[in-house]
Amino acid sequence: TGFLFGIYDRTLAINSSGGTGSRSTTLLTLQKWSHVAVVLTPAAVIMYVDGARVTVDLPRALTLVANTEPMMIGNRNPAQSESPPPLTAFFGDLDVLRIYGRSKRPEEICADAGRVWQAGACVGTLIGTGAAPP
């Protein structure tokens, strides 16, 4: 089915039909906005939550396979899924979605999360913590 990025059991997960995938070991907080970023490099999948890098279970490259599947945001392709729509639906809200043609640096991701990069770490209070996005 190409490429999948989602949240499963409060963790970030990313998989491809090339048979590779990674999952974060950090749990997302329920009922709270989180800034999530994923950077795919030739050597690894790097995940961030609220501007801070999180540990992944399999820190390896993701094999992407060319296909003709349409890009779906927030849902599996219902025409290709054997699961009923309630199991393939995205339950949540997206505020901003950005896809870049390059790997972003950690300090850029930190700034996108509304925090400050200082002494090699993402610090500060998140903008909109506990409320709707700004």
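Residues numbered from 1 in each chain as written. Predicted model: local features only at pLDDT ≥ 70, side-chain atom pairs only at ≥ 80, totals over all residues. Heavy atoms only, no water.

> Which parts of the structure should I look at to understand the sheet that holds strand β4 (residues 36–40)?
Strands in a sheet are paired, the pairing made by backbone hydrogen bonds, and the direction either parallel or antiparallel. Taken together, 3 strands build an open sheet; the order of strands is β4-β5-β6 and the sheet is antiparallel. Each edge of the open sheet is held by one strand with a lone partner, namely β4 and β6 (52–54). Averaged over all pairs of adjacent strands, the angle between strand axes in this sheet comes to 35 degrees, irrespective of strand direction. (Pairing = 2+ DSSP bridges. Helix = DSSP H or I, 4+ residues; strand = E, 2+ residues; numbered from the N terminus. Axes fitted to C-alpha atoms, helices over the stretch in contact; angles between N-to-C directions.)

> Even after reading the chapter, I still don't get the state of the cysteines, so can you show me in this structure?
A disulfide bridge is the covalent bond that connects two cysteines by way of their sulfur atoms. In this structure the tally under the stated criterion is 1 disulfide. Through a disulfide, C110 is tied to C122; the S-S separation comes to 2.2 Å. Disulfide C110-C122: torsion about the S-S bond near 90 degrees, hence right-handed. Of this pair, C110 sits in helix α2 (residues 106–112) while C122 sits in strand β8 (residues 121–123), and the two are 12 residues apart along the sequence. Exposure class is identical for C110 and C122. Each is buried. (Disulfide = S-S within 2.5 Å. Buried < 20%, exposed > 50% of the residue type's maximum accessible area, 1.4 Å probe, protein only.)

> Help me understand the pairing of strand β2 (residues 11–16), please; the structure alone is not making it clear to me.
Both faces of the sheet carry side chains from a regular strand, because those side chains alternate between them. Burial analysis of β2 places 5 of its 6 residues in the buried class, which makes it a mostly covered element. Taken together, the 3 bridges between β2 and strand β3 (residues 21–23) define a ladder with antiparallel strand orientation. In the strand pairing of β3, N15 is matched with G21.

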